[in-house]
Amino acid sequence: MDDGFLMEVCVDSVESAVNAERGGAGRIELCAGLVEGGTTPSMGLLQVVKQCVRVPVFVMIRPRGGDFLYSDREVEVMKADIRLAKLHGADGLVFGALTEDGRIDTELCTALLAVCRPLPVTFHRAFDMVHDPLVALETLISLGFERVLTSGCDSSALEGLSLIKRLAEQVMRSALCVTLGLFPPGGGITERNLQRILEGSAASEFHCSARSARDSGMKFRNPNITMGASFSAPEYSIKVADVAKVRTLNAIAKNIL
């Protein structure tokens with residue numbers, strides 16, 4: 001936070017983690033399944049990332065894609081993953097849980113926070129699915145979360161900018177930090193929208209993937225097969241954090257903040 005802001009980059013590979021750090025990211029959010037919004041990464045990935053980067057690594061705890069209403073067995077998986085992430089060097093944890101009526105699941109969050117401590121915890125973009133964000137924010141403050149990741153309960157931080165500003169102003173007297181979740185439709189943030197978003201909010205952190213596609217090194221290719229559903233990424237195109245993009249976004253934020 002020496003520059004007045006912190007840039008967090010969400011990554012799903014060692015290559016992306018290294019690139020994010022090289023580009024100037026101040027923190028990494030480590031995930032799997034970014035096409036689903038992020039799920040729990042493997043502990044092998046966490047171990048190797050920790051060996052390769054020096055910036056803090058926060059680990060996503062989300063046992064599946066979809067909603068944030070969890071069964072008892074899914075809760076046990078989350079608790080086990082938190083313990084393993086702590087064991088393998090996580091610097092912080094990231095999770096979120098809601099009730100069926102769109103409120104913060106205070107009972108579950110309290111239980112998971114107890115397992116996470118003493119590490120800091122971010123409440124992720126489950127926040128963007130709540131029924132009343134202002135009430136939900138007060139709940140997160142009372143529970144003791146260190147930060148909340150949000151795009152302003154809209155499809156992107158640009159569309160949700162007015163709410164993000166209200167949220168950031170609401171928490172100025174608390175220990176909670178509002179982190180901008182920057183996910184515009186169609187491929188991530190750009191140098192064209194970052195300035196407007198940062199200037200229009202009171203947030204001191206922002207979060208992005210800053211990825212570019214690179215071609216696979218495979219020589220032989222079977223065009224008739226896909227490994228996932230029809231919406232999944234092509235098998236022979238790999239998305240990784242782009243050092244140049246991270247540096248550009250970092251430079252824009254420094255000039256603004």
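Residues numbered from 1 in each chain as written. Predicted model: local features only at pLDDT ≥ 70, side-chain atom pairs only at ≥ 80, totals over all residues. Heavy atoms only, no water.

- Under an unreviewed UniProt entry, the protein chain has the name Copper homeostasis protein cutC homolog and belongs to Pampusana beccarii.
- Listed in UniProt under the heading Function (unreviewed entry), the comment for the protein chain reads: "May play a role in copper homeostasis. Can bind one Cu(1+) per subunit."
- UniProt, in its Sequence similarities (unreviewed entry) section for the protein chain, records the words "Belongs to the CutC family." (UniProt positions renumbered as here; feature names shortened; annotations may be inferred.)

Overview of the environment of Ala 241
Thinking step 1. Mapping Ala 241 onto the fold places it in strand 10 (residues 237-241).
Thinking step 2. Classification of Ala 241 by relative accessible area gives buried; the value is 1%.
Thinking step 3. Along the chain, Ala 241 and Val 18 lie 223 residues apart, while their C-alpha atoms are 8.6 Å from each other.
Thinking step 4. Beyond its immediate chain neighbours, meaning those up to four positions away, Ala 241 contacts Val 9, Ser 16, Asn 19, Ala 20, Ser 209, Ala 210 and Arg 211. (Helix = DSSP H or I, 4+ residues; strand = E, 2+ residues; numbered from the N terminus. Buried < 20%, exposed > 50% of the residue type's maximum accessible area, 1.4 Å probe, protein only. Contact = heavy atoms within 4.5 Å.)

Quick look at the packing of helix 5 (residues 133-143) against helix 6 (residues 161-170)
Thinking step 1. Direction vectors running N to C along helix 5 and helix 6 enclose 30 degrees, while the axes themselves pass 11 Å from each other. Note on packing geometry: the crossing formed by helix 5 with helix 6 is right-handed. Here Pro 133, Leu 134, Leu 137 and Glu 138 of helix 5 lie close against helix 6, whose contacting residues are Leu 163, Arg 166, Leu 167 and Gln 170.
Thinking step 2. Class assignment of the residues belonging to the contact of helix 5 with helix 6 gives a composition of 5 nonpolar, 1 polar and 2 charged. (Axes fitted to C-alpha atoms, helices over the stretch in contact; angles between N-to-C directions. Left-handed = near helix turned anticlockwise from the far one by under 90°. Nonpolar A, V, L, I, M, F, W, Y, C, P; charged D, E, K, R; others polar.)

Let's talk about helix 1 (residues 14-23)
Thinking step 1. If you check which residues of helix 1 are buried, you get Ser 16, Ala 17, Asn 19, Ala 20 and Gly 23. The buried residues of helix 1 occupy an angular sector of 165 degrees when the element is viewed end-on, so they sit on one face.
Thinking step 2. Residues of helix 1 that are buried in the fold lie against strand 1 (6-11), strand 2 (27-30), helix 2 (43-52), strand 10 and helix 8 (243-256).
Thinking step 3. Gly 24 occupies a position one or two residues after helix 1 and carries a positive phi of about 110 degrees. (Arc of directions from axis to C-beta.)

Remarks on the packing of helix 7 (residues 191-199) against helix 8
Thinking step 1. It is at 10 Å that the axes of helix 7 and helix 8 come closest, and there the two elements cross at 30 degrees. Crossing of helix 7 over helix 8 shows right-handed handedness. Each of Glu 191, Leu 194, Gln 195, Leu 198 and Glu 199 in helix 7 lies in contact with helix 8, whose residues at this interface are Thr 248, Leu 249, Ile 252, Ala 253 and Ile 256.
Thinking step 2. When its residues are assigned to classes, the contact of helix 7 with helix 8 shows 6 nonpolar, 2 polar and 2 charged.

Looking at the packing of aromatic side chains
What characterises a pair of aromatic rings is the spacing of the ring centres plus the angle enclosed by the ring planes.
Thinking step 1. Summed over all chains, the structure comprises 2 aromatic pairs.
Thinking step 2. Between Phe 95 and Phe 145, the ring centres sit 5.5 Å apart and the planes meet at 65 degrees, which makes this aromatic pair edge-to-face. Here the residue Phe 95 occupies a position in strand 4 (residues 92-95), and Phe 145 occupies one in the loop between helix 5 and strand 6 (147-150), the gap between them amounting to 50 residues. Like Phe 145, Phe 95 is buried.
Thinking step 3. Taking 5.3 Å as the distance between ring centres and 85 degrees as the angle between the ring planes, the aromatic pair formed by Phe 123 and Phe 145 counts as edge-to-face. Within this pair, whereas Phe 123 is found in strand 5 (residues 121-123), its partner Phe 145 is found in the loop between helix 5 and strand 6, the two being separated by 22 residues in sequence.
Thinking step 4. On the basis of relative accessibility, which here comes to 0%, the residue Phe 123 falls in the buried class.
Thinking step 5. In this structure Phe 145 comes out as buried when scored by relative accessible area, which is 3%.
Thinking step 6. Positioned above the aromatic ring of Phe 58 is the side chain of Arg 27, whose terminal nitrogen or guanidinium carbon lies 4.9 Å from the ring centre. (Phe/Tyr/Trp six-rings, centres within 6.5 Å; stacked < 30°, edge-to-face > 60°. Lys NZ or Arg CZ within 6 Å of the ring centre and 35° of its normal.)

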